[in-house]
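Results of the structural survey
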Amino acid sequence: MFHTFHVSPEIIKNIKDGKKRNALKGYYVPVEGKQIGLINSDTDKIDLVIKVGQIMDLTILSREEKNMIMDDENIQESLRPYFSCNYMYTIDSFETIQ
């Protein structure tokens, strides 16, 4: 099965520019070492295929430690009460889809 996720064009650009190397999610999907399609939310087309590296379980961290991670990932303060930071998926590599 090939997993896909809708993401903003800004996130796609940040991955391409090397500014985004991780993804924070509230849920676990067993995709370590697998490819994931990233669908541009503006165009509804797959723009990138990323290869997931490690998946780190953040549920054991304190709220303060999670806030430090969200700082590093540039999650806005106003969104944090609604943002579940339970797992970090690392991005090993990506391929641009034409």
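Now for a quick tour of the structure.

Parameters and conventions
Residues numbered from 1 in each chain as written. Predicted model: local features only at pLDDT ≥ 70, side-chain atom pairs only at ≥ 80, totals over all residues. Heavy atoms only, no water. 1 Å grid on protein atoms, 1.4 Å probe; cavity = no way out; pocket = protein on both sides within 12 Å on 5 of 7 lines; lining within 4 Å. Points joined across faces, edges and corners; volume = space filled by probe spheres on them. Helix = DSSP H or I, 4+ residues; strand = E, 2+ residues; numbered from the N terminus. Nonpolar A, V, L, I, M, F, W, Y, C, P; charged D, E, K, R; others polar. Pairing = 2+ DSSP bridges. Axes fitted to C-alpha atoms, helices over the stretch in contact; angles between N-to-C directions.

Looking at the layout of surface pockets
- For the largest pocket, the calculated volume is near 780 Å³.
- Forming the walls of the largest pocket are 30 residues, and the residues nearest its centre are Ile11, Lys20, Ala23, Glu73 and Ile75.
- Breaking the lining of the largest pocket down by element, the ones donating at least two residues are strand S1 (3–7), helix H1 (9–16), strand S2 (22–25), strand S3 (35–40), strand S4 (46–57) and strand S5 (87–96).
- Ranked by the residues each element gives to the lining of the largest pocket, the list is headed by H1, at four residues.
- Grouping the constituent residues of the lining of the largest pocket by class yields 18 nonpolar, five polar and seven charged.

Some words on the sheet that holds S2
- Spatial ordering of the open sheet is given by S1-S3-S4-S5-S2, a layout of five strands whose pairing is mixed. Two strands close off the open sheet at either side, each with one partner strand: S1 and S2. Each adjacent strand pair in this sheet contributes to an overall mean axis angle of 40°, direction not counted.
- The sheet contact formed by S3 and S4 spans five bridges and is antiparallel. Opposite Leu38, over in S4, you have Leu48 as the bridge partner.

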